[in-house]
Amino acid sequence: DAEGKVSVRVTRGASTATFPTRGDGLVPMNGGSSKTNALWVDRWTATTAWDRIAGLETEDLAVDALRILEPRIANVRLVGGEETNRKFVVTFQGEDRQHPIGSFGDGMQRLLDLSVGLAAARNKVVLADEIETGLHHRVLGKMWRVVIETARKLDVQVLATTHSHDCLLALSRAVEDDTSFASEIAVYRIDPGIAQPIRYSTDKLRFAIEQDIEIRG
């Protein structure tokens, strides 16, 4: 349901990017027609994508993201033989005990799904519906920094939606902290009563937030 949502698009050259048409919501890369380049952020994607990044530099990117919530994390592993029974566990620095990722709450699971999806999506598209789900508002700025910096490193295009004012505020503040982000972010208001989404520059987004102007539809 697109009503009342804001879409945030993170991509190289976002200042000139056009918003994708509605429909199935998948965003082909480089203007192509294939849908195979899009990865949804969810638990299934994280589980199936982990084997592609395990032991590589991209695994380190995913683990670093989890340290936003738990700085003691040393490693992440996917354990279990059967595909349907595999689960993520983490170990802390200086310990051998494995802790199920689920024991840290929905926020950690969401951050894992997001970070693994990004790390496995080099030269692809990542789709994140309600990107802030499960995350406390205090960590949303760090989340955006991870998303944008990982997208830069791996040439990933991210299309995320949110209903959250806190999420948009965190994005605006992340851009204030690093103005180089501005050229890579486009924000759109999705309103079913309007034929084309309304685009907000990061400057207009900051002004709307400062003036308490509702942009979420």
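Rules of the game
Residues numbered from 1 in each chain as written. Predicted model: local features only at pLDDT ≥ 70, side-chain atom pairs only at ≥ 80, totals over all residues. Heavy atoms only, no water. Helix = DSSP H or I, 4+ residues; strand = E, 2+ residues; numbered from the N terminus. Buried < 20%, exposed > 50% of the residue type's maximum accessible area, 1.4 Å probe, protein only. Contact = heavy atoms within 4.5 Å. Areas by Shrake-Rupley, 256 points an atom, 1.4 Å probe, with all protein chains shown as cover. Axes fitted to C-alpha atoms, helices over the stretch in contact; angles between N-to-C directions. Parallel < 35°, antiparallel > 145°, perpendicular 65-115°, else oblique. Left-handed = near helix turned anticlockwise from the far one by under 90°. Nonpolar A, V, L, I, M, F, W, Y, C, P; charged D, E, K, R; others polar. Salt bridge = Lys/Arg side-chain N within 4 Å of Asp/Glu carboxyl O. Pairing = 2+ DSSP bridges.

Draft legend 1. How the structure looks around the overall build of the chain. In terms of helices and strands, the chain carries 6 helices and 9 strands. When burial is assessed residue by residue, the chain has 49% of its 217 residues classed as buried. In the chain, the proportion of contacts linking residues at least 24 apart, taken out of those at least 6 apart, comes to 67%. Carbon and sulfur atoms make up 46% of the accessible area of the chain, which amounts to about 11,000 Å² in all.

Draft legend 2. Structural context of the packing of helix H2 (residues 57–66) against helix H3 (residues 106–119). Contact geometry of H2 with H3 gives a least axis separation of 9 Å together with a crossing angle of 155°. Here H2 is positioned roughly antiparallel relative to H3, judged by the angle of their axes. H3 is crossed by H2, and the crossing has right-handed handedness. In this structure, H2 contributes Thr 58, Ala 62, Ala 65 and Leu 66 to the contact, and H3 contributes Met 108, Leu 111, Leu 112, Ser 115, Val 116 and Ala 119. Broken down by class, the residue content of the contact of H2 with H3 amounts to 8 nonpolar, 2 polar and no charged.

Draft legend 3. View of the pattern of salt bridges. Within this structure, the stated rule accounts for 8 salt bridges. Glu 59 serves as the salt-bridge partner of Arg 77, at 3.4 Å between the closest nitrogen and oxygen. Placement of the pair is Arg 77 in strand E3 (residues 73–79) and Glu 59 in helix H2, with a sequence separation of 18 residues. A relative accessible area of 41% means that Arg 77 is categorised as partly exposed. Each of Arg 145, Glu 149 and Asp 178 takes part in one network of salt bridges that share partners.

Draft legend 4. Main features of the sheet that holds strand E5 (residues 98–100). Strand order across the open sheet formed by 3 strands is E3-E4-E5, with antiparallel pairing between neighbours. The open sheet is flanked by E3 and E5, the only strands paired with a single partner. Here the strands of the sheet are splayed against their neighbours by 35° on average, with no regard to which way each runs. Direction of pairing for strand E4 (residues 87–92) relative to E5: antiparallel, over a ladder of 3 bridges. Paired with Val 90 across the two strands is His 99, which belongs to E5.

Honestly, that's just the spatial picture; any functional story needs more than this.
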